[in-house]
Amino acid sequence: IVALNKLDGPKATFYSAVMSWMDGDEETALSGLKKIVGSGNPDSEHAANLIKLIEKPKINVLSQLPWSKGGPHILLEGAHLDKKFTVRNIGFDTDDLPNQPHSDVHTFYGADTKPDFYVCNMVEWHLIPPNLQELDCPLIGHTSDFDVHLQCIFPWFRLFDEIMVCDHEVEYRALKKIVDVPVSSFVKTFGHPFGAKKPKKQDRDFDVFVSGSLFSPYHPEKALQAMRLLRTPDLKLLMINGQVNGWDYMEFVSRSKVTPCYCRHWGGALTRAMESLSMGTVTLVQEGSIHTVWTEEDEGLVLYPGANGPQQTIEKVLDDYGTYEKMISRNVDKMRTVFDPKTVSSHYFRFCTFLAARPRKPRDMSVSVDLAQKRVVIFRGWVPADGDFQVLSDICESSVKQLRAIAKRRSEARFWNDMARELVLFYCNRAVVPGDLNPDTSELTQSIEVFREGISHFPNNLVLQFNLLRVLLHFGSPDDVVAGAEMAKKVLSRPADSWQLSIHDDVMSYDFC
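Remember, it's a predicted structure, so these values are computed and weren't measured experimentally.

What counts, and where the lines are drawn
Residues numbered from 1 in each chain as written. Predicted model: local features only at pLDDT ≥ 70, side-chain atom pairs only at ≥ 80, totals over all residues. Heavy atoms only, no water. Helix = DSSP H or I, 4+ residues; strand = E, 2+ residues; numbered from the N terminus. Rg over C-alpha atoms; globule rule 2.2 N^0.38 Å. Buried < 20%, exposed > 50% of the residue type's maximum accessible area, 1.4 Å probe, protein only. Patch = residues over 30% accessible without salt bridge, like charges linked within 9 Å, V, L, I, M, F, W, Y side chains within 5 Å. Areas by Shrake-Rupley, 256 points an atom, 1.4 Å probe, with all protein chains shown as cover. Salt bridge = Lys/Arg side-chain N within 4 Å of Asp/Glu carboxyl O. Lys, Arg positive; Asp, Glu negative; His and termini not counted. Charge placed at Lys NZ, Arg CZ, Asp CG, Glu CD. Pairing = 2+ DSSP bridges. Axes fitted to C-alpha atoms, helices over the stretch in contact; angles between N-to-C directions. Contact = heavy atoms within 4.5 Å. Core = buried A, V, L, I, M, F, W, Y, C linked by side-chain atoms within 4.5 Å.

Novice: Help me understand the overall build of the chain, please; the structure alone is not making it clear to me.
Specialist: Looking only at helices and strands, the chain has 19 helices and 12 strands in total. Relative to its length of 513 residues, the chain is compact, with a C-alpha radius of gyration of 25 Å against a globular reference of 24 Å. Counting only C-alpha atoms and orienting by the principal axes, one finds that the chain spans roughly 75 × 65 × 45 Å. The buried share among the 513 residues of the chain stands at 52%.

Novice: How should a negative patch on the surface be read in this particular structure?
Specialist: A cluster of like negative charges, contributed by E287, E296, E297 and D298, occupies part of the molecular surface. One can find E287 in the loop between strand 11 (282-286) and strand 12 (301-304). With a relative accessible area of 49%, E287 lands in the partly exposed category.

Novice: Looking at this structure, how should I read the sheet that holds strand 10 (residues 256-260)?
Specialist: The strand order 9-8-10-11-12 describes an open sheet built from five strands, whose pairing is parallel. In the strand order of this sheet, the two ends are held by strand 9 (237-241) and strand 12, each with one partner. Taken over all neighbouring pairs, the strand axes of this sheet differ in orientation by 25 degrees on average, direction set aside. In this sheet, strand 9 lies alongside strand 8 (residues 206-212) in parallel orientation, the contact comprising five bridges. Residue pairing across strands places S211 opposite I240, the latter belonging to strand 9. Along the sheet face, helix 11 (residues 311-319) touches strand 8, strand 10, strand 11 and strand 12 and points at about 155 degrees away from the line of strand 10.

Novice: Is there a simple way to explain the sheet that holds strand 1 (residues 59-64) in this structure?
Specialist: One key point about sheets: their strands pair by backbone hydrogen bonds, in either a parallel or an antiparallel sense. Overall, parallel pairing links the seven strands, which are arranged 3-2-1-4-5-6-7 in an open sheet. In this open sheet, the two edge strands, each paired with only one partner strand, are strand 3 (97-98) and strand 7 (183-185). Sheet analysis places strand 1 next to strand 2 (residues 85-91), joined by five bridges and oriented parallel. Across the sheet, the residue bridging to L62 is R88, located in strand 2. Helix 14 (residues 341-356) rests against strand 1, strand 2, strand 4 (117-121), strand 5 (139-143), strand 6 (162-165) and strand 7 of the sheet, and its axis sits at about 125 degrees to strand 4.

Novice: What am I meant to see in the nonpolar core here?
Specialist: A general tendency of soluble globular proteins is for nonpolar side chains to be buried together. Of all hydrophobic cores here, the largest spans 143 residues; its most connected members are F117, Y118, L132, F160 and V282. Considering each element in turn, this core owes the most residues, 11 residues, to helix 16 (residues 413-431). Here Y118 is in contact with L62, Q64, I128, L132, L135, C137, P138, L139, I140 and F160, once residues within four sequence places are set aside. One finds F209, M250, V253 and M279 within the second-largest nonpolar core, a separate group that totals seven residues.

Novice: Just to check I follow, could you spell out the pattern of salt bridges for this structure?
Specialist: Side chains carrying opposite charge are able to pair once their charged atoms draw close together. Going through the model one piece at a time under the given rule, you end up with 25 salt bridges. The residue E26 makes a salt bridge to R350 at a minimum N-O spacing of 3.5 Å. Of this pair, E26 sits in helix 3 (residues 26-36) while R350 sits in helix 14, and the two are 324 residues apart along the sequence. A relative accessible area of 23% means that E26 is categorised as partly exposed. Assessed through its relative accessible area of 5%, R350 is described here as buried. Residues R358 and E162 are paired through a salt bridge, measuring 2.8 Å at the closest nitrogen-oxygen approach. Highlighted residues: R358 in the loop between helix 14 and helix 15 (389-409) and E162 in strand 6, separated in sequence by 196 residues.

Right, dumping it as structure tokens:
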């Protein structure tokens, strides 16, 4: 705000007013915005729309937000802390507006709760109402790692008036190429958990702590980093391949001297970096990281070249750990202020308000047809209703019914593939139920039938063949395994250019087998 106020011109005045709004100073914001309205400035209509929202006693928000509690995703818990907003969240928690597969968006509000805007944070994790575009308010989406789930969520991207990403480098540029609506980068969408204690003054018994999807086929770069760490001599390393309970995770971070962070989208804010800095752990991030906006290198944040990995930088920090420990200890309170849940949540909804005020062209309502709520993961990620079996069963039944109806109208292989895919994914949920050694195989049997029926209609579609043979090999009877192996031989015997393949063809979720 101080820097903008030193500049002349209507653009600086406009954005200074916007930043005052973000900061909670509505009087200053309104004063600046009113200078823009009617001035012939390109931002005049945007400013007028924003004034109308700011002058409302309450801004009504209809939302679909990440639902976990006790971790860094604090938007839902923090939604009520900025009294300017009334946030009504659609979901499966007892405090939510109750969601269900293929719900009607009009059931989530009344005459006195009509939303001023709708926001869906992490589009990929939610069951979005298919008739969302019928809402008479701006529709804002927010996504991350969308490329991993693109076949599932691309049709839903088209419903939104604006989409935000969590990365100002890779994802921002990529998404702008595939959608026709404005794309904004807003990376600060999480905070340190409510109730998180400050780090205790104690000896740190680990040199390095790492966790997460370290050895997933979808993240080979992480496996490479992990192997480099394992080869480092005399390194006291705690490595957990998988997710760790929130409070246990924070305890491990507080006992570690160094946390190396690696992300293929290096421009995004990282929960791991935020958490480790707030727990007094020296934090390594790739060059180009957005975290340099909030933390200097003399405050315990250390950059490393992404291509080479963090190994040499870890050794450098550990060789002079006493110096780095003093740096990071001075920064803990600052990090907890920057990522305070109340501040993060307030900034988020106020930025969404700014986006909601943006003037827009009319919506293309034709994109709301033939939408199916495909599952994006089996269990490694945000599963609807935290994996409640009845909810997953309802999703499977509803999606298969919808896809079958679409397949009758549209002659495309992908709808047969998607239908079988949903059945297989739900069978996978059955198969991992603890103690159930003989799960019901009805969905598995049905999926094989659907794959074969799809292949009878589209014998040259490669993904239908590929997914069927995988199912036969992984889950089939001995005869099915033989049949799957024979299928694989026949597929490989054909010329590559004889197969049909579409970018919409889905080869299962990233955590499938």
